[in-house]
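Chain and residue survey
So the chains spell out like this:
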Amino acid sequence: MDQRAEESHALPAANVRAPAARIPSQEMRCDREHPERCLAGLLVGGAFLLLGARLAELARRFAADLVYWDQLDFLDPFFREASLLEAFLWQHGPHRQGLAALVYALLLPLTSWSGRAEAFVAVGLLAAGCLLLWRVVHRLTGGTKLKDLFLPLACLSLAAHDLLVGPQNLANGPLPFLLVALTAWTLLVRSRRWRCGWLSLLGAAAVYTGFAFFLVPAVLLLLALEGRAARGAAERWTALAGVTGVLLSVASFFIGYRWLPAAPCFTGPPPLRDYLGFLAGLSGRAWGISSPGVALASRPLAVASHGLRVATSLGLLAAVAAAGLLGLSWMRRPGEEGAGRRRAGGTLVVLCSFSLFHALFTAFGRTCLGPAAALASRYTIYSVPGLCGLYLAARVLAAGAGRSRKRAAAATLLLLSLLLARERLSLREWTNGGWVGQKKQEWSECFRQHREIERCDREVQFAVFPSEARETSRIEEKLAYLEAHALSLFRTTPGAEVRPPVTVAGAPPLTVGGADRRRPRRRAGRAPGPARR
């Protein structure tokens with residue numbers, strides 16, 4: 001077999017393009033002869049900055065310094081000042097914390113457990129992932145067009161406000177999204193050895209970092225194809241080592257693993273009708289077709305509208321699956337003529353498979369919670385890679401040659417119009433996120449004044465801790481720890497009067513290595529100050 005035949009199944013280097021889809025370099029250049037290309041880049045970049053600033057403003061205005069809901073559990077190693085390895089391996093529901101623990105190990109001490117600082121980090125991770133996907137689309141389609149407004153609209157939407165003002169967890173949303181974007185960007189690396197190395201590192205990290213483990217099947221497939229297309233022993237062994245490393249990471253994931261369903265009501269496979277309804281809710285929420293708080297006065301109209309929303313949402317989810325299958329077919333194109341499509345195909349497989357696996361398994365485990373649970377804001381970010389994959393497939397087809405070119409161009413406009421229409425819900429999303437953030441701030445101020453959880457739940461009409469976790473999570477002791485160390489809602493500024501920490505009669509103190517962690521400790525030269533909201 002000659003060298004060209006051996007390369008027929010390779011994921012191509014970044015500087016290889018299929019002749020049918022080639023766009024000359026002068027066409028990609030922004031110059032005086034083609035000002036429309038400069039304008040498209042400026043408009044897409046301006047939309048990125050504007051939407052990113054909107055998310056940052058939401059975080060600045062409504063993110064509260066309060067350990068809230070699930071944070072009691074996955075921050076437990078930091079309350080106990082446990083080892084970094086224990087925090088890395090900490091299991092929260094079906095997934096582990098992974099890279100998020102490393103970020104928290106740096107972030108929490110530097111910011112005194114500030115929820116607002118964590119929200120800003122989440123905004124930065126989302127923005128970084130959006131930039132990477134923009135770069136990927138730019139390279140695969142030959143340049144930026146005005147239709148690429150789709151990307152910032154998809155990645156930086158207020159629909160994911162829970163990631164900033166709700167029960168924040170960097171392992172559940174922001175970091176998995178960034179890992180997916182990094183994997184797609186890695187396929188642009190020219191050297192196969194470096195490409196395999198980065199894929200194996202990202203795959204091993206994805207296993208442990210939240211729901212990023214849904215990225216692992218695509219990574220293993222890409223590494224296997226790289227090994228098959230290797231041109232020498234060194235490249236072949238690099239790909240084999242990558243596959244072995246990812247599989248070892250998967251195997252180690254289950255050491256000490258506990259069966260912890262994400263939903264307490266989970267007992268087995270859900271009814272098919274309910275399952276499909278939940279899938280439709282996940283997909284419709286991402287596209288703005290379904291949204292919490294929307295109701296119609298007329299029951300016949302409501303039934304018809306619900307049926308139409310379900311059918312449309314499932315149709316769009318099926319389109320994402322079709323884009324992933326299209327990517328698989330492109331990856332099998334032989335010869336140099338199919339090189340550009342093979343590279344685009346690998347990207348489609350990464351983006352679409354991740355969103356599909358998350359939707360299928362989330363619906364399987366959470367359908368018992370009811371259809372309203374599918375509209376939770378925090379799930380939206382997991383659908384974004386699939387949205388971008390569907391858009392990328394349409395853009396690649398529109399940039400190529402053939403009968404489908406015009407239909408693909410119309411499809412890109414249709415997808416963009418859906419996300420532009422979703423912006424009509426921005427005010428509602430801002431209000432919903434702002435309401436949660438405002439309630440958290442009110443509860444924090446109430447507790448600083450009265451030190452009574454039940455009283456603040458009643459006065460604010462908002463519970464910040466699950467009722468079933470009152471005994472198992474040692475809430476009062478963790479609040480005492482935060483107060484003793486001036487963290488989170490007890491962060492202080494010079495001149496404040498620090499009240500004695502709350503005590504819990506009959507409860508053992510939080511200890512690490514036998515040391516009582518209730519004793520207040522202050523940094524040298526730091527004076528007491530008023531509590532910062």
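In what follows, the accompanying structure is described. Note that residues are indexed from 1 along each chain, following the sequence as it is written. Under the rules for a predicted model, residues below a pLDDT of 70 receive no local features and side-chain atom pairs below 80 are neither given nor counted, while totals for whole chains, interfaces and linings still include all residues. Just so you know, side-chain values use all the structure's heavy atoms and leave hydrogens and water out.

Brief notes about the packing of helix H11 (residues 174-186) against helix H18 (residues 380-399)
Axis geometry follows a simple rule: fit a line to the C-alpha atoms, using only the stretch in contact for helices, then measure angles between N-to-C directions, giving values from 0 to 180 degrees. Helix and strand definitions here come from DSSP, where helices need a minimum of 4 consecutive H or I residues and strands a minimum of 2 consecutive E residues; each element is numbered from the N-terminal end. Between H11 and H18, the shortest axis-to-axis distance is 9 Å and the interhelical angle comes to 15°. As the angle between them shows, H11 and H18 are arranged roughly parallel. When you trace H11 past H18, the crossing you get is right-handed. In this structure, H11 contributes Pro176, Phe177 and Val180 to the contact, and H18 contributes Ile381, Tyr382, Val384 and Pro385. Gly is placed with the polar residues, together with every amino acid not listed as nonpolar (Ala, Val, Leu, Ile, Met, Phe, Trp, Tyr, Cys and Pro) or charged (Asp, Glu, Lys and Arg). Of the residues assigned to the contact of H11 with H18, the class counts are 7 nonpolar, no polar and no charged. Each angle is binned into one of four classes, with values under 35 degrees roughly parallel, values over 145 roughly antiparallel, values of 65 to 115 roughly perpendicular, and all other values oblique. The crossing is said to be left-handed when, going from far helix to near helix, the turn is anticlockwise and less than a right angle, and right-handed when the turn is clockwise. Any pair of residues with heavy atoms lying within 4.5 Å of one another is described as a contacting pair.

Comments concerning the state of the cysteines
Cysteine sulfur atoms that pair up within 2.5 Å are treated as a disulfide. Summed over the entire model, instances satisfying the criterion amount to 2 disulfides. The side chain of Cys265 participates in a disulfide bridge whose partner is Cys368; the two sulfur atoms lie 2.0 Å from each other. Because the sign of the S-S torsion sets the handedness, a value of about 75° for the bond joining Cys265 and Cys368 places this disulfide among the right-handed ones. With Cys265 in the loop between helix H14 (233-253) and helix H15 (272-287) and Cys368 in the loop between helix H17 (339-366) and H18, this pair connects stretches of sequence that are 103 residues apart. The buried label applies to any residue whose accessible area, calculated with a 1.4 Å probe on protein chains only, is under 20% of its type's maximum; exposed applies above 50%, and partly exposed to all values in between. On the accessibility criterion, Cys265 (32% relative accessible area) is partly exposed. Residue class for Cys368 comes out partly exposed when judged on its relative accessible area of 39%. Take Cys130: it sits in no disulfide, and the sulfur closest to it among the cysteines is that of Cys155, at 3.9 Å. Not part of a disulfide, Cys352 finds its nearest cysteine sulfur in Cys388, a span of 9.6 Å. Owing to a relative accessible area of 0%, Cys352 belongs among the buried residues under this scheme.

Quick notes on the packing of aromatic side chains
The rule is short: rings of Phe, Tyr and Trp, with Trp giving its six-membered ring, pair when the centres are within 6.5 Å, and they are stacked under 30 degrees, edge-to-face over 60, tilted in between. One pass over the full model with this rule turns up 28 aromatic pairs. Judged by centre distance (6.0 Å) and plane angle (5°), the rings of Phe211 and Phe214 are stacked. Per residue, the accessibility class of Phe211 equals that of Phe214, and both read buried. For the ring pair Trp443 and Phe465, a centre distance of 5.5 Å and an interplane angle of 85° mean the geometry is edge-to-face. Highlighted residues: Trp443 in helix H20 (residues 426-450) and Phe465 in the loop between helix H21 (453-460) and helix H22 (469-472), separated in sequence by 22 residues. The burial state of Trp443 is the same as that of Phe465; both residues are buried. An aromatic cluster of three or more residues is present, and its members are Phe88, Tyr208, Phe211, Phe213, Phe214, Phe253, Phe254, Tyr257, Phe354, Phe361 and Tyr382. If you follow Arg96 out to its NZ or CZ, it ends over the ring of Phe253, 5.1 Å from the centre. Only Lys NZ and Arg CZ are tested; either one counts as a charge over a ring when it is within 6 Å of the ring centre and within 35 degrees of the ring normal.

What to know about the pattern of salt bridges
Within this document, salt bridges are pairs made up of a side-chain nitrogen of Lys or Arg and a carboxyl oxygen of Asp or Glu, the two lying within 4 Å of each other. Scanning the entire structure with this criterion turns up 17 salt bridges. For Arg61, the salt bridge goes to Glu57, with nearest N and O atoms at 3.2 Å. Placement of both Arg61 and Glu57 in helix H3 (residues 35-62) is noted, with a separation of 4 residues, approximately one turn of the helix. The class of Arg61 is partly exposed, set by a relative accessible area of 43%. A salt bridge links Arg192 to Glu235; the shortest N-O distance between them is 2.8 Å. Of this pair, Arg192 sits in helix H12 (residues 192-208) while Glu235 sits in helix H14, placing them 43 residues apart in sequence. For the pair formed by Arg192 and Glu235, the shared burial category is buried. Here the salt bridges do not stand alone but share partners, grouping Arg192, Arg195, Glu226, Arg231 and Glu235 into one network.

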